[in-house]
Amino acid sequence: MTDLAKSDALFFERAGMDRDRITGIVGDALTGADDGELFLEYRQSESLSFDDGRLRNASFDTTQGFGLRAIAGEAVGYAHASELSEAAIKRAAETVQAVHSGHGGIAAEAPSATNQALYTEINPLGEMSFEAKVALLEEIDAYARAKDPRIKQVSASIAGEWQMVQILRADGNRLADIRPLVRLNVSVVVAEGDRMEAGGQGTGGRTGYAAYVTPEAWQSQVDEALRQALVNLDSVATPAGEMPVVLGPGWPGILLHEAIGHGLEGDFNRKKTSAFPDCWASGSRPRASPSSMTAQSPTGADRSPSTTKAHRPAARC
């Protein structure tokens, strides 16, 4: 059975909705719009967390609903509800129609479909029993505490999700997807003397729990979390104040762009959310900081600091 057939069974047969009638409602609601769709969703999720040597929290949740969107030029109308029924979708259709009233748009082409399977359809929530999940968290806790006597706290959690979606466009084109998702997280706190530091590591993906519950998989996460915590425990404070910074060519220029370049952009100075608006207002242009320096090119020749925004040197009034 295809994903589309499975989603039809869930969203239409189970909810008691007629697919052809819903298709007609969506088509009428989006007539004259430039783009839009009905998005149907069903989701199951769970989470278990183990902290301080005991199960701290366990939750399970089921949600469902839809969202109907219409786009007309730069205007967007959106209506949503957690009720999957023809009446609710009709009310949503009346809402979004107001956005494109009198608009004579031409519907955009539907996204290209693909038969490429990027992940499994398995529902991870039923893959392991509740007792097995708790036992796994207990094993992670015991393994971590045995690694180093300086470990004072261990937190471990697993979470899973199974989601089904169907997208219905105005032209009747339909797409469906089934999306599993799991996550495993571990964090530890280590202490030595009066100092405490933490480290954390996690993994996950759109698959079942089986890929992450083997000892080799979760032990590597614990080992990395502990490594980070011990590095932090041995770390020393970064010196304060100004200091020269040497950046090579290429990607390091992005650091200057993010730290300084955005602050020199017009909108940030106009709105006075930058560090430099007073410089522009006073007529005093920012000047290059003495700490800027040349970068070494791959060929060994000196290259002057770039004058583009992404590589602009630090500025002062």
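So, how was this worked out
- In this convention, every chain numbers its residues from 1, walking through the sequence in written order.
- Local features in this predicted model are restricted to residues of pLDDT 70 or higher, and side-chain atom pairs are both shown and tallied only at a pLDDT of 80 or more, whereas totals for entire chains, interfaces and linings draw on every residue.
- By convention in this description, side-chain values take in all heavy atoms of the structure and omit both hydrogens and water.
- Working convention: axes come from line fits to C-alpha atoms, limited for helices to the stretch in contact. Angles between N-to-C directions cover 0 to 180 degrees.
- Runs of H or I in DSSP of at least four residues are treated as helices and runs of E of at least two as strands, each being numbered from the N terminus.
- Orientation is classified from the angle alone, with under 35 degrees giving roughly parallel, over 145 giving roughly antiparallel, 65 to 115 giving roughly perpendicular, and any other angle giving oblique.
- What makes a crossing left-handed is the near helix being turned counterclockwise from the far one by less than a right angle; a clockwise turn instead makes it right-handed.
- The criterion used for residue contact is that any of the two residues' heavy atoms lie within 4.5 Å.
- Lys, Arg, Asp and Glu make up the charged group, whereas Ala, Val, Leu, Ile, Met, Phe, Trp, Tyr, Cys and Pro make up the nonpolar group; the residues left over, Gly among them, are polar.
- Salt bridges are defined as contacts in which a side-chain nitrogen from Lys or Arg sits within 4 Å of a carboxyl oxygen from Asp or Glu.
- Relative accessibility thresholds used throughout: buried, under 20% of the residue-type maximum; exposed, over 50%; partly exposed, between the two (1.4 Å probe, protein chains only).
- The way it works is a 1 Å grid over only the protein atoms, where trapped points that fit a 1.4 Å probe form a cavity and open points with protein on both sides within 12 Å along at least five of seven lines form a pocket, and then any residue with an atom within 4 Å of a point lines it.
- Grid points are joined across faces, edges and corners, and a volume is the space filled by probe spheres set on the points.
- Strands qualify as paired when DSSP identifies two bridges or more between them.
- Any N or O atom pair separated by 3.5 Å or less is treated as a polar contact, with the protein-specific requirement of one donor-capable and one acceptor-capable atom, and with residues adjacent in sequence counted only for side-chain atom pairs.

Their axes nearest at 10 Å, the elements helix H4 (residues 130-147) and helix H5 (residues 215-234) cross at an angle of 40°. Considering their axes alone, H4 and H5 lie oblique with respect to each other. You can see that H4 and H5 cross each other, and the crossing is right-handed. In contact with Leu-136, Glu-139, Ile-140, Tyr-143, Ala-144 and Lys-147 of H4, H5 contributes Trp-218, Gln-219, Val-222, Asp-223 and Leu-226. A per-class count over the contact of H4 with H5 returns seven nonpolar, one polar and three charged.

Once that is clear, we can look at the pattern of salt bridges. One pass over the full model with this rule turns up 18 salt bridges. Residues Lys-147 and Asp-223 are paired through a salt bridge, measuring 3.3 Å at the closest nitrogen-oxygen approach. Of this pair, Lys-147 sits in helix H4 while Asp-223 sits in helix H5, and the two are 76 residues apart along the sequence. A salt bridge links Arg-227 to Glu-224; its shortest N-O distance comes to 2.8 Å. In this pair, Arg-227 and Glu-224 are both assigned in helix H5, three residues apart and thus about one turn of the helix distant. With relative accessibility at 22%, the residue Glu-224 sits in the partly exposed group.

With that out of the way, let us pick up the layout of surface pockets. Roughly 650 Å³ of internal volume is contained in the largest pocket. Every residue lining the largest pocket is counted, 21 residues in all, and those nearest its centre are Asp-3, Thr-114, Gln-116, Ala-176 and Asp-177. Elements that contribute at least two residues to the lining of the largest pocket include exactly helix H1 (3-13), strand S4 (151-169) and strand S5 (174-192). The element contributing the most residues to the lining of the largest pocket is S5, with six residues. Among the residues making up the lining of the largest pocket, the classes are represented as eleven nonpolar, five polar and five charged.

Moving on, we get to the packing of helix H2 (residues 19-30) against helix H3 (residues 86-97). At a closest axis distance of 9 Å, the pairing of H2 and H3 adopts a crossing angle of 10°. On the basis of the axis angle, H2 is roughly parallel to H3. Counting all contacts with H2, which are made through Arg-21, Ile-22, Ile-25, Asp-28 and Ala-29, the residues of H3 involved are Glu-86, Ile-89, Lys-90, Ala-93, Val-96 and Gln-97. For the contact of H2 with H3, a count of residues per class yields six nonpolar, one polar and four charged.

Here we take up the pairing of strand S3 (residues 75-81). As paired elements, strand S2 (residues 54-72) and S3 share seven bridges and run antiparallel to each other. Paired with Ile-71 across the strands is Val-76, a residue of S3. Linking S2 to S3, which pair antiparallel, is a turn of two residues; within it Gly-73 sits at a positive phi near 65°.

The subject of this paragraph is the side chain of Gln-166. Mapping Gln-166 onto the fold places it in strand S4. Reaching out from Gln-166, the side chain makes a polar contact with the side chain of Asp-8 at a distance of 3.1 Å. Leave out the neighbours within four places in its chain, and Gln-166 touches Leu-4, Ser-7, Asp-8, Phe-11, Phe-12, Leu-38, Phe-39, Leu-40, Arg-174, Leu-175 and Ala-176.

A few words now on the pairing of S2. Bridging between strand S1 (residues 35-51) and S2 involves 17 bridges; their strand directions are antiparallel. Bridging from a neighbouring strand, Glu-41 pairs with Gly-65 of S2. Connecting S1 to the next strand, S2, in antiparallel fashion are two residues, including Asp-52 with a positive phi near 60°.

Residue position: Ile-122 is located in the loop between H3 and H4. Looking at Ile-122, the relative accessible area reads 32%, which means it is partly exposed. The contact partners of Ile-122, leaving out residues within four places of it in the chain, are Glu-127, Trp-162, Pro-180, Thr-207 and Gly-208.

None of the figures reported here should be taken as evidence of function without further support.
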